[in-house]
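What follows is the residue order along each chain.
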Amino acid sequence: MPLSVKRSALWSWRALLPWAIGVVPLVFGLVVMNWQIERELRASSQATTRQVVEQVERILDNLAQAAQALLPLAGRPCEEAQLALRGEVTRNAFVRSTNLFQHDTLYCTSLFGDFDEPVDASDYTDGTLWLMDGNSVTPGHALLVYRTSSGDRGAISTADGDHLVTALRLIAPDEDLQLRVGNAWMGSDGVVHHGQPPAYPVADVTLGSTRYPFSVHGGFTAAKPGELLRSHYPALLSLLLLLGVVAGVVCRWQIRRANSPRAELRRALEADEFLPYFQPVVRKGDYRWAGAEVLMRWNHPHEGLVRPDLFIPYAEHSGQIVEMTRALMLHTAQSLAPYAALLEDGFHIGVNITADHCRDLALINDCQTFLQHFPPGRVRLTLELTERKLIEATPATLELFEKLHEMGVMIALDDFGTGQSSLNYLRQFKVDYLKIDQSFVAMIGSDALSQHILDSVIELSGKLGLGIVAEGVETETQRDYLARHDVDYQQGYLFARPMPAAEFLQALATRPGVARLPQDAPPEIMRG
Ligand code: G
Ligand code: MN
């Protein structure tokens, strides 16, 4: 219901709110799912690092067992010990080679027997463990070396790097894992590096062994949570998307509903924003005020005073016009009744009524309530029915109009000449007045055909004994023409524009020649 020409901004909060509400479930869901995925990844990372630690400890248990068994042989001649060295290699699944050393020299190996190579205890973390990137037998191939000693003698056992790679790869194929020994580390590609290993962006976990000086480091790449989200939660994601759409649509619908003409009119009715304006109707001859037409105005909190043609069509369409008219009649009675003394006896009060209002006998009550505010005979209530939307002549409506007549309520056919009422219609409803539409009055002196219609209407009303009111009188030429043709009443800007109740009462009180002088009128309207 546009009440003014200004348009609301395209991207107002009303347009944006449904989108914002629609996005909420998705964002909220994504945050929760992301949190859930990170928790799962961390738990998985913790479990896999523990498994890898256990597997590497198992390998080292093999190495330690072999080395411990050989330790008593350290210092003995190689030919004496060689068979025992080979025996340990054969018995232990993970042991690739066994060696003996004395005085920092490796002097006996399971592969070559007698040997001569320096051994540096500082290569070993805690003197025990060394992650080598290769030796003379297999250069560039990782080796895990275990060392145990007693005094300056000791035994060394080695495990092939392939066992470590297998552990890293098989336990967690889709997780990145590293084995760290001192300054050296190895990824699942089997290459040994030195220095600080890279940290993992997601679920970075480091777990050290309690029994051997190594640790296992696990985690995931930054892309992992996104991959999981897409592969694990497609149904949940679609559900969230659907929820978002539903929430957005519901929100939009609610906003529309709250801003619908119906809701806005209901609010205005409850806030009592519909006011009566009064336009005097003057009598032929002396042009004194014989009555007034009540015209509805909407005192809108933001739009100011709104003209009825901008909202009456909506009110008629929604059926709210009946309640609005009822409120307007009450308002009118309440503002005029205290100053009833200012009105001549038989002062006409014209109220515009829509066809919907004539559906049942409630209109009788409304008229009674209105008239009860005034001393008997002080006002003549006239119901103005527009000729554009005629009331159907049913037994119920005919009964209604019969009753209205008995109460002394008059009927005026508004905008006469614009519709198509028949003589029969005028008779059936016992119409008292015809209000000639202002378009005909405007043609006085100019349009020959309209003037002919005007003359015919005046003549017809005379023959039918109907009173006649000319609307929209703006010039003295029009006024005088209508006076010459014996039109009973005139209404228009020439005499007065529609005005609020206070101004109307003020004018009534101060006009010269008002029949009844307002001795009994309260003083506030006499001022100004
Ligand atoms: O349809 P109905 O006759 O009830 O409405 C009267 C309408 O005519 C109101 O909108 C009122 O403001 C308007 N009106 C009253 N007098 C004049 C007038 O002299 N000239 C014009 N143009 N409009 C008028
Ligand atoms: Mn009217």
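Before going into details, it helps to say that this report is about the structure given with it. (Residues numbered from 1 in each chain as written. Chains lettered and ligands numbered in written order. Predicted model: local features only at pLDDT ≥ 70, side-chain atom pairs only at ≥ 80, totals over all residues. Heavy atoms only, no water.)

**Here's the deal with helix 13 (residues 448–464)**
Stage number 1. End to end, helix 13 covers 24 Å across 17 residues, agreeing with the expected 24 Å (1.5 Å per residue, within 8%).
Stage number 2. Listing the buried residues of helix 13 in full gives Ser 450, Gln 451, Leu 454, Val 457, Ile 458 and Ser 461. Buried residues in helix 13, looked at end-on, bunch into an arc of 115°, giving them a common side. Relative to its buried face, helix 13 has exposed residues pointing more than 90 degrees away, namely Ala 448, Leu 449, His 452 and Lys 463.
Stage number 3. The positive-phi residue at the C-terminal boundary of helix 13 is Gly 465, with phi of around 75°. (Helix = DSSP H or I, 4+ residues; strand = E, 2+ residues; numbered from the N terminus. Expected span 1.5 Å × (residues − 1). Buried < 20%, exposed > 50% of the residue type's maximum accessible area, 1.4 Å probe, protein only. Arc of directions from axis to C-beta.)

**Things to note about the sheet that holds strand 2 (residues 105–109)**
Stage number 1. Judged by pairing direction, the sheet is antiparallel, and its 6 strands sit side by side in the order 3-2-1-6-5-4 without closing on themselves. Single-partner strands in this sheet number two, and they are strand 3 (113–118) and strand 4 (129–132). When the angles between neighbouring strand axes are averaged without regard to direction, this sheet yields 25°.
Stage number 2. One ladder, built from 7 bridges, connects strand 1 (residues 95–102) with strand 6 (residues 153–160); its direction is antiparallel. When the bridges of strand 6 are listed, Asn 99 appears paired with Ile 156.
Stage number 3. Against the sheet, helix 1 (residues 13–70) touches strand 1, strand 4, strand 5 (143–150) and strand 6, its axis set at about 40° to strand 5.
Stage number 4. Strands in contact with helix 3 (residues 161–171) are strand 4, strand 5 and strand 6; relative to strand 6, the strand with the most contacts, it is inclined by about 50°. (Pairing = 2+ DSSP bridges. Axes fitted to C-alpha atoms, helices over the stretch in contact; angles between N-to-C directions. Contact = heavy atoms within 4.5 Å.)

**Observations regarding the pattern of salt bridges**
Stage number 1. Taken as a whole, this structure holds 28 salt bridges when the rule is applied.
Stage number 2. Of the charged contacts, one joins Lys 435 and Glu 293 as a salt bridge, the two residues approaching to 2.9 Å between their closest N and O atoms. Taken together, the residues span a long stretch of sequence, with Lys 435 in strand 18 (residues 433–436) and Glu 293 in strand 13 (residues 289–300) at a distance of 142 residues.
Stage number 3. For Lys 435, a relative accessible area of 3% corresponds to the buried category.
Stage number 4. Where Arg 307 meets Asp 309, a salt bridge forms, and the shortest distance between an N and an O atom there is 2.9 Å.
Stage number 5. Ionic contacts of the salt-bridge type, sharing partners, join the residues Arg 283, Asp 286, Arg 288 and Glu 344 into one network. (Salt bridge = Lys/Arg side-chain N within 4 Å of Asp/Glu carboxyl O.)

**Here's the deal with unusual backbone geometry**
Stage number 1. The backbone phi angle of Asp 126 is positive, close to 55°, even though this residue is not glycine.
Stage number 2. In this fold, Asp 126 is placed in the loop between strand 3 and strand 4.
Stage number 3. Assessed through its relative accessible area of 65%, Asp 126 is described here as exposed.
Stage number 4. Residues other than glycine seldom take positive phi values, yet Ala 203 does so here, at roughly 50°.
Stage number 5. Turning to its location among the elements, Ala 203 is positioned in strand 10 (residues 202–208).

**With respect to the packing of helix 1 against helix 3**
Stage number 1. The contact between helix 1 and helix 3 brings their axes to 10 Å, and the two run at 155°. Classified by the interaxial angle, the pair formed by helix 1 and helix 3 is roughly antiparallel. The interaxial crossing formed by helix 1 with helix 3 has right-handed handedness. Residue-level inspection shows Thr 48, Gln 51, Val 52, Gln 55, Val 56 and Ile 59 of helix 1 in contact with helix 3, the latter providing His 163, Leu 164, Ala 167, Leu 168 and Ile 171.
Stage number 2. Per-class residue counts for the contact of helix 1 with helix 3 are 7 nonpolar, 4 polar and no charged. (Parallel < 35°, antiparallel > 145°, perpendicular 65-115°, else oblique. Left-handed = near helix turned anticlockwise from the far one by under 90°. Nonpolar A, V, L, I, M, F, W, Y, C, P; charged D, E, K, R; others polar.)

**Concerning the nonpolar core**
Stage number 1. In terms of nonpolar packing, the biggest core is built from 79 residues, with Phe 311 and Leu 404 touching the most fellow members.
Stage number 2. With residues up to four places along the chain from it excluded, the contact list for Phe 311 reads Met 1, Leu 3, Leu 265, Phe 274, Met 296, Arg 297, Trp 298, Val 306 and Met 324.
Stage number 3. The next biggest cluster of nonpolar side chains, apart from the first, holds 40 residues, and it includes Val 56, Ala 74, Cys 78 and Val 181. (Core = buried A, V, L, I, M, F, W, Y, C linked by side-chain atoms within 4.5 Å.)

**A closer look at the sheet that holds strand 11 (residues 215–220)**
Stage number 1. Taken together, the 5 strands give an open sheet; going across it, the order is 9-8-7-11-10, and neighbouring strands pair in antiparallel fashion. Either end of the sheet is taken by a strand with one partner, and the two such strands are strand 9 (192–194) and strand 10. Taken over all neighbouring pairs, the strand axes of this sheet differ in orientation by 25° on average, direction set aside.
Stage number 2. The strands touched by helix 3 within the sheet are strand 7 (176–181) and strand 8 (184–187), with strand 8 carrying the most contacts at an inclination of about 55°.

Any functional reading would require information that these geometric values do not contain.
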